[in-house]
Amino acid sequence: MPLGLLWLGLTLLGALQTQAQPSTPNLIPAPPLLKVPLQQDFQDDQFQGKWYVVGLSGNAVSKEEQGKFKMYSTTYQLKEDHSYNVTSILFRDQNCDYFIRTFVPSFQPGQFSLGNIKAYPEVQSYTVRVVATNYRQFAMVFFKKVSKNKEYFKITLYGRTKELTPELKEDFVRFSKSLGLTDDHILFPVPIGNGQLGRRERDVGTVQA
């Protein structure tokens with residue numbers, strides 16, 4: 001299975017890996033978690049809600065998809081046990097797909113693992129780490145997956161709206177490069193119409209009910 005589809009089908013992680021994949025199997029090494037900041041005094045109730053994926057970078061992300069990769073939304077729904085139900089809605093090939101998974105909190109507020117990981121036999125570990133957020137405007141989230149003894153990582157720039165300031169985008173690019181990524185591993189998904197996502201979100205609400 002191609003790398004991009006594997007990432008999509010197995011985990012998605014609140015944001016998909018791009019549909020493209022690098023032409024070389026040599027991945028940039030994933031950074032140790034100690035090098036990845038963690039949002040101080042993380043407030044899980046304020047983080048919940050709908051986010052748009054405004055920026056995406058990672059060692060399996062290809063700049064070649066810039067202009068083709070469509071923006072999608074991810075919604076975090078907080079549960080009583082402080083885990084999240086996470087739903088991502090993607091518009092691909094004139095159709096909308098949605099994916100639901102669970103992020104389980106770790107011993108550090110703002111860090112999570114993939115719930116029910118046994119349902120994904122090829123995934124050895126999955127870590128989600130909120131790097132920075134002001135809750136009302138933006139968030140940067142780090143994802144790391146180990147699959148078949150290979151380490152994949154990505155950073156997602158979330159926005160409460162489809163547009164963020166140039167300064168926030170520049171901060172995202174700088175942070176991505178601080179983890180060893182290059183311009184070839186950073187892209188900004190193309191926004192799509194409100195109606196396309198909105199119709200599917202209403203359908204998802206019906207399914208979840």
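Parameters at a glance
Residues numbered from 1 in each chain as written. Predicted model: local features only at pLDDT ≥ 70, side-chain atom pairs only at ≥ 80, totals over all residues. Heavy atoms only, no water. UniProt positions renumbered as here; feature names shortened; annotations may be inferred. Phe/Tyr/Trp six-rings, centres within 6.5 Å; stacked < 30°, edge-to-face > 60°. Helix = DSSP H or I, 4+ residues; strand = E, 2+ residues; numbered from the N terminus. Buried < 20%, exposed > 50% of the residue type's maximum accessible area, 1.4 Å probe, protein only. Lys NZ or Arg CZ within 6 Å of the ring centre and 35° of its normal.

As annotated in an unreviewed UniProt entry, the chain carries the name Neutrophil gelatinase-associated lipocalin and is attributed to Pteropus alecto. According to the UniProt record, the Subcellular location (unreviewed entry) comment for the chain is "Secreted". Regarding the chain, the UniProt comment filed under Sequence similarities (unreviewed entry) reads as follows: "Belongs to the calycin superfamily. Lipocalin family."

So, on to the packing of aromatic side chains. Scanning all chains against the criterion turns up 15 aromatic pairs. Measuring from centroid to centroid gives 6.1 Å for Phe-42 and Phe-112, while their planes differ by 75°, and the two rings are edge-to-face. With Phe-42 in the loop between helix 1 (3-10) and helix 2 (44-47) and Phe-112 in strand 5 (residues 111-114), this residue pair connects regions lying 70 residues apart in the sequence. For the pair shown, Phe-42 and Phe-112 are each scored as buried. Here a set of aromatic residues connected by ring pairs shows up, and it is made of Phe-42, Phe-47, Trp-51, Tyr-76, Tyr-84, Phe-103, Phe-112, Tyr-135, Phe-143 and Tyr-158. Geometry around Trp-51 places Arg-160 over its ring, the cationic atom sitting 3.6 Å from the centre. The residue whose ring lies beneath Lys-169 is Phe-188, and the NZ or CZ to ring-centre distance is 5.5 Å.

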